[in-house]
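So you can see what is in the structure, the chains are spelled out below.
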Amino acid sequence: MNAPFTIAASGPLTEFTAVSKWYGPVIALNDVTLHLGPGITGLVGPNGAGKSTLIKLLTGQLRPSLGRVRIRGLTAWSAAAKAWMGSCPDVDAFYDEMSGRAFVRIMARLHGFPARLAAERTEEVLGQVGMAERADRPLGSYSKGMRQRIKLAQALVHDPELLVLDEPLNGVDPIGRAELTVLFRQLAAGGKAILLSSHILEDMDTLADRIVFLSRGRILASGSLAEIRALLDDHPLKVRIGASRPRELAARLLRSELVLAAELAGDEVVVQVRRPKRFFASLAEIVIEESYDVERLQVIDASTQAVFDYLVNWNP
Amino acid sequence: MNDDTHIELAGYCAWSGRLRPGWLSTWPIARTGLDLVFRRKLFWLLLGLGLLHFLFLFATIYLKAQIRVQNPSVNRFVDTMLKSVAGAGRTYRDFMTAQGTVTMLLLAFAGEILVGNDYRQGGLVFYLSRRVARRHYVVGKLLSIALLVELTTVLPALILYLEYGLLTESMSYFAENTRILWGILGYGLVMAVTLSLLLFALAAWLPRTVPLVMAWSCIFLLLPAFGAILRSAYGDRRWLLMALWRDMRLIGSWCFGALESGRDSPLLVGSIAVVLAVCAASAVAILPRVRAIKVVA
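Residues numbered from 1 in each chain as written. Chains lettered and ligands numbered in written order. Predicted model: local features only at pLDDT ≥ 70, side-chain atom pairs only at ≥ 80, totals over all residues.

> Could you give an account of the overall build of chain A, with specific residues and numbers?
When helices and strands are tallied, chain A shows 10 helices and 14 strands. C-alpha atoms of chain A, sized along the principal axes, occupy 75 × 45 × 35 Å. Counting all 316 residues of chain A, 45% fall into the buried class. Restricting the contact set of chain A to residue pairs at least 6 apart, pairs at least 24 apart contribute 68%. (Helix = DSSP H or I, 4+ residues; strand = E, 2+ residues; numbered from the N terminus. Buried ≥ 20, exposed ≤ 12 C-beta atoms within 10 Å, placed from the backbone. Contact = placed C-beta atoms within 7 Å.)

So, in structure tokens, the structure goes:
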């Protein structure tokens, strides 16, 4: 656990307990219960799903209509709770005349750092996000990617345990994305909890340890992508197998009750299977028994996008 | 690879230490506001305009002192000719009131930078994601506005007061005129509190410059004009209470002990009531703009 500063706090890092939030007659979040722990949690949902509301509740910008949001046992909108949380909002209209360095330093000062320490912390985090050399320019002259880095720097400046990142890779160039991805992974590996919202679902495939799928204010599913995918019995998993004797392999697989359909595509077989864990175990047995040479094995529709589509269109 | 190694690789250095209390964060908020204001040339121009009046009085006081020293026989003539720099409470009250014109202009344009931008561009999110409560944010912003007011009114008045005292033959001026010192501070406080609350409230609801300047003009130009018309029509001086700047001036006169008993005294209570009402209404208007939505149950 990182610096708790001088604030006494206990309890889970982040907990949403039966949280509902409505704006007049419109319900934005409906009975959401969620716990966030160390690692990267992706937040995925279509427009209007309640992602922004959930983030605003967590960062203390809003109070719930019902239920409670707590960070280390403190109500999320209290000033004390902010010591544990760093927020990187999607807003990037700063004070255009101010330099990036001054902006981050002021944010550190607002956390209660004395001037000298604030300056030291500022230099550290600017180095971390790769902005140390460019931080003296006015914020108004920054590209979208540079603004994202500065926002990240101000979120990290007080060494929080929880990072709430709203579209943090939006507008960042490919090299920057790779750098920031590594940074996120390293921070998560160091025990920090990161809640990451992104509309680019491919980001989630590589970044998120767990994903929370939101739709119409409710949590549709949460857990690792593999866990969620395995639960989607209505949507057989598509697996592409590149092997020797594909026709024979397809015929052999069709004899299994776990395989619903098989299709030949060149030297590959695309099968639709249910109960993926059992299927992969039986596939291994078949391959050994029949001496097939398997060159490729790829799950086609277990990406965040595919799971997201299944969940959103799911009608129980 | 353990957790610490990962953190080390990230270039991350955990910090542990004692943080300063939230109230001290109001100063960085205020300083940031002033810093942003003084990056604009327009504000230096307005300050320069305000400084012209100050420099004129400063030079006049100096000139008067020099004439007195070189030719004491013309003392009475000089006092008659330069009534406006007599060194009495009224001199400072009138000076601070005159500075108000520049202060009004300065605040009308600074409102967007100091407060409006936080609402229009979402800067409030950054402040409120820090370890500062909403009250710290509000106080910090009010402080930045109040400092602008003090900079154009109280500070130059204090300098003139010092100059006047130092250029008299003895230091007795300070001892005999302590009321003036309290008057400067009191009038300054009334202006700072009233104007900062009013500007914050207006800029929080009208964050863009044009609507803000229009609303500001309505309060400080249109309402007084309307009050004057009503006064002429009905012959009741209480209509003049609609002029907020005049109300503050009246309270300032009382602070300086320069109240004109026949003309001003009857309106003093009304002026205090108007100023308090404006402050209370502004505070009420500010609250919903900085508060998270209420808990329903």
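> Residue-level account of the sheet that holds strand β4 (residues 66–71) of chain A, with values.
Strand order in the open sheet made by the 4 strands is β2-β1-β4-β5 (chain A), with antiparallel pairing throughout. Every interior strand has two partners, whereas the edge strands, β2 (26–36) and β5 (74–75) of chain A, have only one. (Pairing = 2+ DSSP bridges.)

> Lay out helix α11 (residues 209–234) of chain B in plain terms, naming residues and giving numbers.
Residue and element names in this part refer to chain B. With 26 residues, α11 should reach 38 Å at 1.5 Å per residue; the first-to-last C-alpha distance of 36 Å fits that figure. The sharpest bend along α11 measures roughly 40° and falls at C218. Three or more residues of α11 are buried, namely L212, W216 and F220. Taken together, the buried residues of α11 touch α5 (89–120), α10 (178–205) and α12 (244–256). G235 lies just past α11 and shows a positive phi near 65°. (Expected span 1.5 Å × (residues − 1). Bend = angle between axes of the 7 residues up to and from the residue.)

> Give a description of the nonpolar core that names residues and reports values.
With 148 residues, the main nonpolar core has A153 and I194 of chain A together with I145 and F200 of chain B as its most contacted residues. Per-element accounting of this core gives the leading share, 15 residues, to α10 of chain B. Setting aside residues up to four positions removed in sequence, I194 of chain A forms contacts with I40, T41, L163, L165, F184, L187 and A188 of chain A. Core analysis: the next-biggest nonpolar cluster, separate from the first, contains 14 residues, L237, I241, L249 and V269 of chain A among them. (Core = buried A, V, L, I, M, F, W, Y, C linked by C-beta atoms within 7 Å.)

> Describe the sheet that holds strand β12 (residues 259–265) of chain A, and please don't skip the residues or the numbers.
All names here are of chain A. One open sheet holds the 4 strands; their spatial order is β12-β13-β11-β14, and the pairing between them is antiparallel. Here the strands that pair on one side only, and so sit at the sheet edges, are β12 and β14 (294–299). Ignoring strand direction, the axes of neighbouring strands in this sheet form an average angle of 20°. With 6 bridges joining them, strand β11 (residues 237–243) and strand β13 (residues 268–273) adopt antiparallel strand pairing. Bridged to R240 within β13 is V270. Sheet strands touched by helix α8 (residues 246–254): β11, β12 and β13. Its angle to β12, the strand with the most contacts, is close to 170°. (Axes fitted to C-alpha atoms, helices over the stretch in contact; angles between N-to-C directions.)

From the geometry alone we can't say anything about function, so treat these as descriptive.
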